[in-house]
Structure formats: C-alpha cells, structure tokens
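Coordinate inspection notes
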Amino acid sequence: MNAFVKGTLVLTASAFIGECVDLLINMTLARELGEYGIGQYQTILPVIVLVIILASMEFPVAIAKFVAERERKYHLALLKNAVALASAAMLLLMACFFVFFSAVPVFSDIHPRIRWAVFLLIPLVSLTSVARGYFMGTRQMDKIAVANLFRRTVQLFCLALLFRLFDFPLGMSIVIAVSAFLCGELITFLYLMSNYLLEIRYLKNISFQEKVERKEVFKRLLDISVPTTGMQLFLALCNTIEPFLIKSATVAGGLSFNEATEHFGMVAGVAMAVGFFPAFIAHSLMTVLVPEVAGAYIRRDREKLAKLLKRVILFTFLYGIPVCAGIYFFADPLTDLFVPSDTAAFYLRLLWPYFFLHYFSIPFQGILIGMGLIKETFFYQIWTTAVSYLTIYVFGASWQMGGVIVGMNTGALLLALLYYLTICKKLGITHTMRLRERKMS
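1. Quick look at the confidence of the model for the chain
On average, residues of the chain score 87 in pLDDT, and 95% of them are at 70 or above. The element-level mean pLDDT for the chain is lowest in helix H1 (residues 2-56), coming to 80, with helix H14 (residues 352-370) highest at 95.

If you want it as structure tokens, here you go:
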C-alpha cells in the first residue's frame, strides 16, 4: 500500500506540473502561430496521436502487467522478448507509414517536412514503450514522472528559444512546433532508455536467471496490447465523430449550423478544458493501479484488492467533490479565463456529473486492466458509447445543447456503473465493498 500511495503522489505532482507546462506550451503556440496557424497545427495533432497509439501498441500497459505478475528472475527473459516484439511492430509500422507518406501528399499544403518529423516519432515511441512498461511494472514511478516532465519542459524550451531567436514564416513555424514535440520525445527516449540499460545490466548480474517461452510472452503481451490499442483507436475515432454528431443533433433541434458550431465550441473548447483539468489525478491513479492490481490479482489477494478499490473510491471522493463544487459555484470566473460567456458557464454547470463520473471511471479502468479484463472494458466502451450517442441525438434534437449534455451524462453514468459492478463481481465482494465468502471468479 505504501508503494501505491507513494506512486500516486509522485505521478499526481508531476502531472500537475506537466499540465501547467502544457498550458504555457499552448499559450506560446497560440501567440506565435495565430488563429490560422493553430488551426493547421490542430489538423496535424490527430495524426500525431494516431502514430503514438500505433507505435506504442499499448506495450507499457501490457509489459507493466506482465512484469508485475512475475518474479524478478524472469524479468530479463521477458524484456528480451518484449523488445523483439516491439521492434518487429516498429519496423512493420515504419514500412507502412513510409509507403503511405511517399504515395500520399499528406500535409503538403502545410509543409512537406512535417510528415517525416511525424515519421521519426515511430521508433522513439516504440522503443520507449518497453522501458516505460518495465518501470511501471516494477513500481519505479519516479522515473515515469521525470520522463513526463522532461518531455513537456523540453518542448516548451525549444519553442520559446527558437521563436525568440528567429522569425519564421508560418509554414516553418508549424514545422518548428512539430519538431519541438519530437525533441521532447527524443529526450524522454534518451532518459528512459539509459535507465533501462542500467536495469538490464543489473538483471544480467543476478546469479539466477530463468528462461521463458517466446510464444508465451508474445501471446500474453498481445492479449493485452491488441484489445487495448483497439480501444484507444476506437476512442480516437469517437473523438472524430462526436463533433459532427453533436452539431447535427443541435441543428435538428433548431439551431443554425454557425450557432451549433459556437455552442459546441463552448462545450468542447471551454467547459471540457476546465472540467478535465483535474483528471490528471485520475490518470495518475490508473497508471499506478495496473501493476498493483496485477500483482495482487495473480496472488489471489482479495483483501489487498478490496483495500485498493476502497482507497481509489475514497481518494476520488476527497478530490472529486470539492472540484465539482468549485466547477458549479465558480463556473463564471473559470470560463471567463477562456472567453466571457454566460453560455459556457451554464454548460459547465450542467456537465459536473460527467466530469465527476469520469474521475471514477478512469481508475476503475486501470483496475479492470490489471485483472486482465481488457475485452470486457473494450465492450463496455463500445456499448456505452452507442447508448450515449443515441441519447445525445434524441435529446439534442429536442432540447439542443442541454439535451446533448443529458446524453453525455447518461453515458458517463452507465460506464462508471458497469466498471464498478464488474469489479465487485470479479473480486467476489458486495456492492458495499464487503468480502463475500466465495472466492474471486
């Protein structure tokens, strides 16, 4: 439990600092690129996110779970096989993107060099994912925290230095923005891989080393990484579809297209930015929970798993209630930081259940992944998204953006309940978190 608390505090503190640095990065980009340039940069970002998802293949989560379930004497053999699998996936993805970027003139209207900057992300992310997963699995969260801070601070430093020293045309400014992102990933790669190589040297010096079957390692890693990657791709696709769905629903409710776009901007660009700022705490919890739960679950330690669940719920209540109270009662000054709009403040107040429930769903997902319930988690995402989108359109067509928010809150409630009830059933505990007589399922 001490490792869980320490890891959570370390990641939460670093994530808070990282969010503040991200704010400075966005302010720098907005000032240097202007409205049109930011629009172009935001066009590139989804491609960068897609490349990162595919390059990592969610190996950090898969390796963290696998390492946490095994004794140290197995780690060296596990890592050798993990590196082989990650390298094969990296080379295949690089070949696919090289052919695609050579055949299709992606970003040619912005700057042709951008595609190759994005291409260079693939080896950095792929190899770093192995080291990141190992440090997560061995509960060395301080290294993960430092790596995350390095990535953001280096990106900010590169942006501030280059834009202060030189005056670039718009196209080259966007290249610089993407290159700064790449530099952040490069420094993260160097830091994590240097620490990783030190760990490998230590493992080689251990007198006892055990071999494991390569097929078993590949199967166990892919059983986690493939559905988890599929889930991330599904969420990325949903993030692409959702703006069109919401705007079409509100247009059907009587708004013009321009009005629908403005109201969507108040929700997505202002209310979501405010409400999801504290979610770095939930993501920190999720990162720590995967190896903790995996280790306890493989030992069938129901008491520790029940305590982890109770701590997650208590901790989320302790920060979630004050945060949502602040969102509700201080909506006007919070949204005024972005744009002076009574409409944005009204939408922020309506969305507090959506944020509150997601503060629970994110660490619950970490518990489910730690227990190996990846496919169930993916299925719940698909099912709740379908229900949410249906209610968004039905209520949005009747009550405009207020109805859309009702649909969003409905989906968030359904997802949190499904996660929680599944965890209780799997652990053999009551819904009030009391241990039953029977063992875990």
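From this point, the narrative continues.
2. Details of H14
Structural remark: α-helix, 3.6 residues per turn; residues separated by three or four positions point the same way. Here H14 is 19 residues long and its end C-alpha atoms lie 28 Å apart, about the 27 Å a rise of 1.5 Å per residue gives. Two residues or fewer after H14 comes Gly372, characterised by a positive phi angle close to 85°.

3. A few points about the packing of aromatic side chains
Considering all chains together, one arrives at 28 aromatic pairs under this definition. Taking 5.9 Å as the distance between ring centres and 55° as the angle between the ring planes, the aromatic pair formed by Phe317 and Phe356 counts as tilted. Of this pair, Phe317 sits in helix H11 (residues 302-329) while Phe356 is found in helix H14, placing the two residues 39 residues apart along the sequence. Relative accessible area serves as the criterion here: at 37%, Phe317 is assigned to the partly exposed category. Classification of Phe356 by relative accessible area gives buried; the value is 14%. An aromatic cluster is built from Phe97, Phe98, Phe100, Phe101, Trp116 and Phe119, whose rings are joined through pairwise contacts. Looking at Lys247, its charged tip hangs above the ring of Phe244, at a distance of 5.9 Å from the centre.

4. Focus: the packing of helix H5 (residues 121-137) against helix H6 (residues 141-165)
Viewed as axis vectors pointing N to C, H5 and H6 meet at an angle of 140°, and their least axial separation amounts to 7 Å. With respect to H6, the element H5 is oriented oblique. Two secondary-structure elements touch here, H5 through Arg132, Phe135 and Met136 and H6 through Met141, Lys143, Ile144 and Asn148. Considered class by class, the residues forming the contact of H5 with H6 number four nonpolar, one polar and two charged.

5. A few points about unusual backbone geometry
Look at Met57: it is not a glycine, yet its phi comes out positive at around 50°. Looking at the element boundaries, Met57 is found in the loop between H1 and helix H2 (59-68). By relative accessible area, which is 18% here, Met57 ends up buried. Here Arg139, not a glycine, exhibits a phi torsion of approximately 65°, which is positive. Tracing the chain through its elements places Arg139 in the loop between H5 and H6. Classification of Arg139 by relative accessible area gives partly exposed; the value is 29%.

6. Looking at the pattern of salt bridges
One pass over the full model with this rule turns up 10 salt bridges. Ionic pairing is found between Glu69 and Arg220, a salt bridge with its closest N-O pair at 2.7 Å. Of this pair, Glu69 sits in the loop between H2 and helix H3 (75-103) while Arg220 sits in helix H8 (residues 214-252); the two residues are 151 residues apart in sequence, bridging distant segments of the chain. For Glu69, a relative accessible area of 11% translates into the label buried. Here Arg220 falls in the partly exposed class, since its relative accessible area comes to 25%. Of the charged contacts in the structure, one is a salt bridge between Glu185 and Arg151, with a shortest N-O distance of 3.9 Å. Placement of Glu185 in helix H7 (residues 170-205) and of Arg151 in helix H6 is noted, with a sequence separation of 34 residues between them. A single burial state applies to Glu185 and to Arg151, both of which are buried. Several salt bridges share partner residues, and in doing so they unite Lys65, Glu69, Arg70, Glu216 and Arg220 into one network.

Cut-offs and rules
Residues numbered from 1 in each chain as written. Predicted model: local features only at pLDDT ≥ 70, side-chain atom pairs only at ≥ 80, totals over all residues. Heavy atoms only, no water. pLDDT = per-residue confidence, 0-100. Helix = DSSP H or I, 4+ residues; strand = E, 2+ residues; numbered from the N terminus. Expected span 1.5 Å × (residues − 1). Phe/Tyr/Trp six-rings, centres within 6.5 Å; stacked < 30°, edge-to-face > 60°. Buried < 20%, exposed > 50% of the residue type's maximum accessible area, 1.4 Å probe, protein only. Lys NZ or Arg CZ within 6 Å of the ring centre and 35° of its normal. Axes fitted to C-alpha atoms, helices over the stretch in contact; angles between N-to-C directions. Parallel < 35°, antiparallel > 145°, perpendicular 65-115°, else oblique. Contact = heavy atoms within 4.5 Å. Nonpolar A, V, L, I, M, F, W, Y, C, P; charged D, E, K, R; others polar. Salt bridge = Lys/Arg side-chain N within 4 Å of Asp/Glu carboxyl O.

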